[in-house]
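Structural characterization, general
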Amino acid sequence: MNIDSLYSVSPDYLTQYGLNKTNETSGEKDKSFGSILDAAMNMINETNDYQNAAESAEIQFALGEAVSTHELAAAQQKANIALQYTVAVRDKILDAYKEIMNMSI
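Residue numbers restart at each chain and count upward from 1, following the sequence in its written direction. Side-chain atom pairs in this predicted model are given and counted only at pLDDT of 80 or more, local residue features only at pLDDT of at least 70, and totals for whole chains, interfaces and linings cover all residues. Computation of side-chain values covers all heavy atoms of the structure but excludes hydrogens and water.

Focus on the nonpolar core
As a reminder of what qualifies: For this analysis, a nonpolar core means a set of buried residues of the types Ala, Val, Leu, Ile, Met, Phe, Trp, Tyr and Cys, connected via side-chain atoms within 4.5 Å. To sort residues, take the accessible area from a 1.4 Å probe on protein chains only and compare it with the maximum for the residue type: under 20% means buried, over 50% means exposed, and anything in between is partly exposed. In this description a helix means any DSSP run of H or I spanning at least four residues, a strand means any run of E spanning at least two, and both kinds are numbered starting from the N terminus. Only heavy atoms matter for contacts: two residues are in contact if any of them lie within 4.5 Å across the pair.
By size, the foremost hydrophobic cluster in this structure holds six residues: Ala-54, Ala-57, Val-67, Leu-72, Ala-75 and Ala-79. Those elements giving two or more residues to this core turn out to be α2 (33-62) and α3 (69-101). A total of three residues in this core trace back to one element, the largest contributor, which is α3. The contact partners of Ala-79, leaving out residues within four places of it in the chain, are Tyr-50, Gln-51 and Ala-54.

Digging into a nonpolar patch on the surface
Inclusion rule: Patch construction takes residues with relative accessible area above 30% that form no salt bridge. Like charges are linked within 9 Å, and nonpolar side chains (Val, Leu, Ile, Met, Phe, Trp, Tyr) are linked within 5 Å. Surface exposure here means Shrake-Rupley accessible area, sampled with a 1.4 Å probe, where a residue is shielded only by the protein chains that are shown. When a carboxyl oxygen of Asp or Glu lies within 4 Å of a side-chain nitrogen of Lys or Arg, that pair is called a salt bridge.
Residues Phe-33, Leu-37, Met-41 and Ile-44 make up a contiguous nonpolar surface patch of about 410 Å² in total accessible area. Take Met-41: it is sitting in helix α2. Look at Met-41 and you get partly exposed, because its relative accessible area is 41%.

Description of the side chain of Thr-47
Counted only if it meets this: Here a polar contact is taken to be a pair of N or O atoms separated by no more than 3.5 Å, where protein atoms must pair a possible hydrogen donor with a possible acceptor and residues adjacent in sequence count only if both atoms sit in side chains.
Mapped onto the secondary structure, Thr-47 falls in helix α2. Only 2.9 Å separates the side chain of Thr-47 from the backbone oxygen of Met-43, close enough to count as a polar contact. Setting aside residues up to four positions removed in sequence, Thr-47 forms contacts with Ala-82, Leu-83 and Thr-86.

What to know about the packing of α2 against α3
Operational definition: Here an angle of 0 to 180 degrees is reported between the N-to-C directions of two axes, which are lines fitted to C-alpha atoms, with helices fitted over the stretch in contact. Every angle not falling under 35 degrees, over 145, or within 65 to 115 is termed oblique; those three ranges are roughly parallel, roughly antiparallel and roughly perpendicular. Left-handed describes a crossing in which the near helix is turned anticlockwise from the far one by less than a right angle; the clockwise case is right-handed.
One way to put it is that α2 packs onto α3 with a least axis distance of 8 Å and a crossing angle of 155 degrees. Here α3 runs roughly antiparallel to α2, going by the angle between their axes. As α2 packs across α3, the resulting crossing turns out to be left-handed. Between α2 and α3, the contacting residues are Met-43, Ile-44, Thr-47, Tyr-50, Gln-51, Ala-54, Ala-57, Glu-58 and Phe-61 on the first element and Thr-69, Leu-72, Ala-75, Gln-76, Lys-78, Ala-79, Ala-82, Leu-83, Tyr-85, Thr-86 and Val-89 on the second.

Here it is, written out as structure tokens:
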């Protein structure tokens with residue numbers, strides 16, 4: 001699976017994503033580090049939920065319960081894509097951190 005398109009995720013996108021996710025109910029935008037960190041943690045939790053759902057579907061399929069191969073494949077693909085996206089975002093965050101650490105004051 002090719003995830004090259006995920007490498008174009010920029011810090012601006014992450015900031016926008018974090019601000020939109022955390023302030024959907026409030027009218028003003030919070031530009032704090034905490035809001036971006038909360039958005040990243042939500043992304044990790046969503047990825048974990050997809051992984052758990054895929055594992056549950058695998059167990060149900062192995063036990064012969066009412067899970068079709070299509071549902072199993074869809075759950076596994078969702079979990080795989082979510083994990084790849086989370087890893088790509090993590091890599092971009094680490095690159096940004098390294099760049100900030102290399103700045104001279």
